[in-house]
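Architecture and fold: a report
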Amino acid sequence: MSDDGAGREPSEADDQRLAAVVDKLRSQAAIESLRAEGVYDDTRSISEWTADSVAIPVTHPPQATQFREIVRQVGERRLKTLDDHLRERGWTDEEIAAAPSSWAVLGSVVLVDIGDSPRPAAVGEALLALHGEAETVLARHGISGEHREPSVEVIAGDGDTETVHTEHGTRYAMDLAEVMFSPGNKAERARMGDVVASEERVLDMFAGIGYFTLPMARAGAHVTAVERNPTAFRFLVENIRLNEVDDQVHPYRADCRDVVPGFADERRADRVVMGYYEASAPRAEDSRAPPDASHEYLDSALDALAPGGVLHMHEATPDALVFDRPIERLEAAADEAGRDVEILATRRVKEYSEGVAHVVVDARVQ
């Protein structure tokens, strides 16, 4: 039993406070599974049980989630919000108003845009208290360079930036100090696993650590995944093994333009994914737009795509040009290649920055 019950006899209510003990390394996957079962108790805090395990509060013993044991745990009632934790630490309403309003828990790491918040270290400690399964809090300061490298700062916890994040059953190993991972793309990652058909031949031109490759491969597609960042490629290979899709994914550490000729000679793709890509220099046409060169690869994407195949083109686009700019670029590239384009769907994935949206255009190309 937790030390919170020391000094008094447990009540009948305490007897109903159950917790599932799970390996610390798979705590996030367990929480996701317990939520899906409807037995996760979010009114109580997750607590460390042993050096390598945590006790996750549950309303009933789980039936579908793996666990070590079920224990009775008195536990403290969870403070429900970051505001609650900061107020408990003596923050004023004005200071709380400047605190972060959103963050993401990625495995054992909390990733937060700290903004102009006062006392970042105190915010970090409050986030650790709010998310008992987390061990490190990272403040995110942006992504830059041709390899899309993040700038982050440890503001609380043990400082370990390597983690395994589970999302819709897909496991992503990563080092958040070295590779990018956008929580805002969660729905798009899941969607790619839904739209792809088993046995499809897919080219993922900017695979990263496997953001779209892994959900598609788990759905049965055969994916050629290309990534030139050596660190991201290392995690891509690790994630292929972690998700047991070795037979479905063919990884290449290269520039995708160097892979396409041989790929197309073997057999062209049923589907090409052009995940968002950043170049090293800003676009001159709009000072608000982030570095964006995805459209410069459209000729290679079309070379790789079979007639009747589907292209998913990601772009960071100024609000005033959504969705006109990416569609015009796609249609111009297709016209130059002597091919016809049918726009199937457009989606606004998230806000990239003020006045700039991350969008996706889905198109069938004959």
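Since we're looking at a predicted model, the values are computed, not measured.

**Looking at the UniProt feature "binding site: S-adenosyl-L-methionine" (unreviewed entry) in the chain**
Residues annotated in UniProt with the feature "binding site: S-adenosyl-L-methionine" (unreviewed entry) correspond here to Ser-182, Arg-189 and Glu-227. Checking the named residues against the second largest pocket, the ones that line it are Arg-189. Mapped onto the fold, Ser-182 is located in the loop between strand S10 (170-175) and helix H6 (186-195). With residues up to four places along the chain from it excluded, the contact list for Ser-182 reads Arg-189 and Lys-350. In this fold, Glu-227 is placed in the loop between strand S12 (222-226) and helix H8 (230-242).

**What about the sheet that holds strand S1 (residues 18-23)?**
Strand order in the open sheet formed by four strands is S2-S3-S1-S4, with antiparallel pairing between adjacent strands. Each of the sheet's edge strands pairs with one partner strand only, and the pair in question is strand S2 (47-50) and strand S4 (69-72). Here the average twist between neighbouring strands, direction ignored, is 40 degrees. In this structure, S1 lies alongside S4, joined through four bridges in antiparallel fashion. The residue bridging Ala-20 from the neighbouring strand is Ile-70, located in S4.

**A few points about the pairing of S1**
Looking along a regular strand, one sees side chains alternate from face to face of the sheet. The element S1 is largely enclosed, with a buried count of five among its six residues. Alignment of S1 against strand S3 (residues 53-58), held across six bridges, turns out to be antiparallel. What sits directly across from Asp-23, in S3, is Ser-53.

**Things to note about the packing of aromatic side chains**
Summed over the entire model, instances satisfying the criterion amount to three aromatic pairs. Measuring from centroid to centroid gives 5.4 Å for Tyr-172 and Phe-181, while their planes differ by 65 degrees, and the two rings are edge-to-face. Taking the relative accessible area as the measure of exposure, Tyr-172 reaches 1% and is therefore buried. Aromatic side chains Phe-181 and Tyr-211 sit 5.9 Å apart centroid to centroid with 50 degrees between the ring planes, which places their arrangement in the tilted category. Here Phe-181, found in the loop between S10 and H6, pairs with Tyr-211, found in the loop between strand S11 (201-204) and helix H7 (213-218); they are 30 residues apart in sequence, far enough to count as distant. According to the relative accessible area criterion, Tyr-211 is buried, its value standing at 10%. Among the aromatic residues, ring-to-ring pairing joins Tyr-172, Phe-181 and Tyr-211 into one connected group. The lysine or arginine in question, Arg-201, covers the ring of Phe-263, its NZ or CZ lying 3.9 Å from the ring centre. The ring of Phe-235 is capped by Arg-234, whose NZ or CZ atom sits 4.5 Å from the centre of that ring.

**A word on the nonpolar core**
Counting 33 residues, the largest nonpolar core has Met-174, Leu-176, Phe-181, Val-202, Ile-209 and Met-216 as its most contacted members. For this core, the elements supplying multiple residues, two or more each, are strand S5 (103-106), strand S6 (109-112), S10, H7, S12 and H8. A per-element tally of this core places H8 first, with five residues. Apart from residues lying up to four places away in sequence, Met-216 is in contact with Met-192, Gly-193, Val-196, Val-202, Ala-221, Val-223 and Val-273.

**Section: the sheet that holds strand S16 (residues 341-353)**
Within a sheet, adjacent strands bond to each other through the backbone by hydrogen bonds, running parallel or antiparallel. The sheet built from seven strands is open, its strands ordered S13-S12-S11-S14-S15-S17-S16 with mixed pairing. Looking at the sheet topology across the chains shown, the edges are occupied by strand S13 (249-252) and S16. Each strand of the sheet is rotated relative to its neighbour by a mean of 15 degrees, with strand direction disregarded. Here S12 runs beside S13; their pairing, made up of four bridges, is parallel. Counterpart to Thr-224 in the pairing with S13 is His-250.

Criteria and thresholds
Residues numbered from 1 in each chain as written. Predicted model: local features only at pLDDT ≥ 70, side-chain atom pairs only at ≥ 80, totals over all residues. Heavy atoms only, no water. UniProt positions renumbered as here; feature names shortened; annotations may be inferred. 1 Å grid on protein atoms, 1.4 Å probe; cavity = no way out; pocket = protein on both sides within 12 Å on 5 of 7 lines; lining within 4 Å. Helix = DSSP H or I, 4+ residues; strand = E, 2+ residues; numbered from the N terminus. Contact = heavy atoms within 4.5 Å. Pairing = 2+ DSSP bridges. Axes fitted to C-alpha atoms, helices over the stretch in contact; angles between N-to-C directions. Buried < 20%, exposed > 50% of the residue type's maximum accessible area, 1.4 Å probe, protein only. Phe/Tyr/Trp six-rings, centres within 6.5 Å; stacked < 30°, edge-to-face > 60°. Lys NZ or Arg CZ within 6 Å of the ring centre and 35° of its normal. Core = buried A, V, L, I, M, F, W, Y, C linked by side-chain atoms within 4.5 Å.

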